[in-house]
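Here's the letter readout for the chains.
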Amino acid sequence: MGYVDPTSSRDLLGNRSLCFIFICAFGLVTLLQQILYGKNYIKSGQQFSRLKGEEVGNWSGLISYPDDGGMKPARNGRKRVKTSELFERWRNLQVCKWEQNKEETDHFKMSLSRCCNAPSFLFTTKRNTPSGTKLRYEVDTSGILHISPEIFKMFPDDMPYSKSQFKKCAVIGNGGIIKNSKCGREIDAADFVFRCNIPPISDTYSEDVGTKTDLVTINPSIITERFQKLEKWRKPFYDVLRNYENSSVVLPAFYNTRNTDVSFRVKYMLDDYESNRGVFFFHPQYLLNVQRFWAVQGVRAKRLSSGLMLVTAAMELCEEVHLYGFWAFPMNPSGIFITHHYYDNVKPRPGFHAMPYEIFNFMHMHARGILHVHTSPCR
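Overview of the structure. The numbering scheme is per chain: residues are counted from 1 as the chain's sequence reads. Confidence filtering applies because this is a predicted model: local features only for residues at pLDDT of at least 70, side-chain atom pairs given and counted only at 80 or more, and all residues used for totals across whole chains, interfaces and linings. In computing side-chain properties, one takes all heavy atoms of the structure into account and sets aside hydrogens as well as water.

We call a residue buried when its accessible area falls under 20% of the maximum for its residue type, exposed when it is over 50%, and partly exposed in between, using a 1.4 Å probe and counting protein chains only. Labels follow the DSSP assignment, with helices taken as runs of H or I lasting at least four residues and strands as runs of E lasting at least two, numbered in each case from the N terminus. Along strand β8 (residues 248–251), one buried face is formed by S248 and V250 and the opposite face, lined by V249 and L251, is buried too. Sheet analysis places strand β7 (residues 215–217) next to β8, joined by three bridges and oriented parallel. Paired with L215 across the bridge in β8 is S248. Following DSSP output, two strands are said to pair if at least two bridges run between them. Bridging between β8 and strand β9 (residues 279–281) involves three bridges; their strand directions are parallel. Counted as the bridge partner of V250 is F280 from β9.

What counts as a salt bridge is simple: a side-chain nitrogen of Lys or Arg found within 4 Å of a carboxyl oxygen of Asp or Glu. Within this structure, the stated rule accounts for 12 salt bridges. Where D239 meets R242, a salt bridge forms, and the shortest distance between an N and an O atom there is 3.6 Å. Note that D239 and R242 are positioned in helix α10 (residues 234–242) at a spacing of three residues, about one turn of the helix. Here D239 falls in the partly exposed class, since its relative accessible area comes to 29%. Salt-bridge contacts for K267 lead to D271; the nearest nitrogen and oxygen are separated by 3.6 Å.

On to helix α11 (residues 257–272). To estimate how far a helix should reach, multiply one less than its number of residues by 1.5 Å. The end-to-end C-alpha distance of α11, which contains 16 residues, comes to 24 Å, matching closely the 22 Å that a straight helix rising 1.5 Å per residue would cover. By the criterion applied in these results, polar contacts are pairs of N or O atoms within 3.5 Å in which, for protein atoms, one can donate a hydrogen and the other can accept it, and in which residues neighboring in sequence qualify only through two side-chain atoms. Where α11 begins, the capping side chain belongs to N256, and its oxygen is found 3.2 Å from the backbone nitrogen of R258. One or two steps after α11, the chain reaches E274, where phi turns positive at roughly 55°.

Here you go:
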């Protein structure tokens, strides 16, 4: 026969009373949060989760700008979301200080490790792409590049970065949201800084975007359009790179056949100038895997942005990731119109990237404590 506690019927500040006190205290704290902050942080995070799970299937058909006439059905039958509603939810998330959720972050990193493995395959290296390899292009899948000894010599021996090598990383987008942010000092304090497509970091902009750069992407189209494929304008291009001190550069040389020669010329040019700057080429299979990973998250585009590629890599290479200058709307969360880039207002080619999809995923990851999206001025 089991033992029966003779005092179990008493409740002199026992379990039931303590439970009642706890419930009352929790209710009081919740009420105070509602009074002080309106909608609390947890509720805002849940709202983002519901929006992510139920409404976001075709984001290009979900955003409704002020002149759209309100909410309209998207092409997939789901309800559009007004930017005012989205911005309100985002502002509510800013009430409480962001804190990393280690469990969520580790789970996300594990998913990336299984599909993409940046510490081993972010760049083509002598280890993952031996001489004699028949390398298949990312887009021109029918095209194959034979890795000759000459090409093989341009590859690093192995990946220069390892898993979670850096504690705090900053990935800098070029959006107008970072203009007048005064975030330069905070960015420069990061252990590792990624930048996209050699943006200007001169004194005119450094207060907002900082100057520290450890890795910067270069789109071959920039070399083609601004520097005439380096057939003549080698010195001007070299001078631009000098603004980034000793940062490494990375190019999508194997995106398609057109990119290859132009990307190789960057390496040849820097060798001619006896530069010690690292020159790396994205591994095409890594980029294909990243594209597939984000397609499952709802980011379906002809081409992922350079920013998303860097954020994806940073999630594996860094313990904590902070984003600055990432935004996809013509106004900031307060409804004030902003320029497309922090340095100009030139719009992107339509239909190429899916920036609203990308930004929404970043917002959702912010709400889950996976990464920190900065859209407000830095103190």
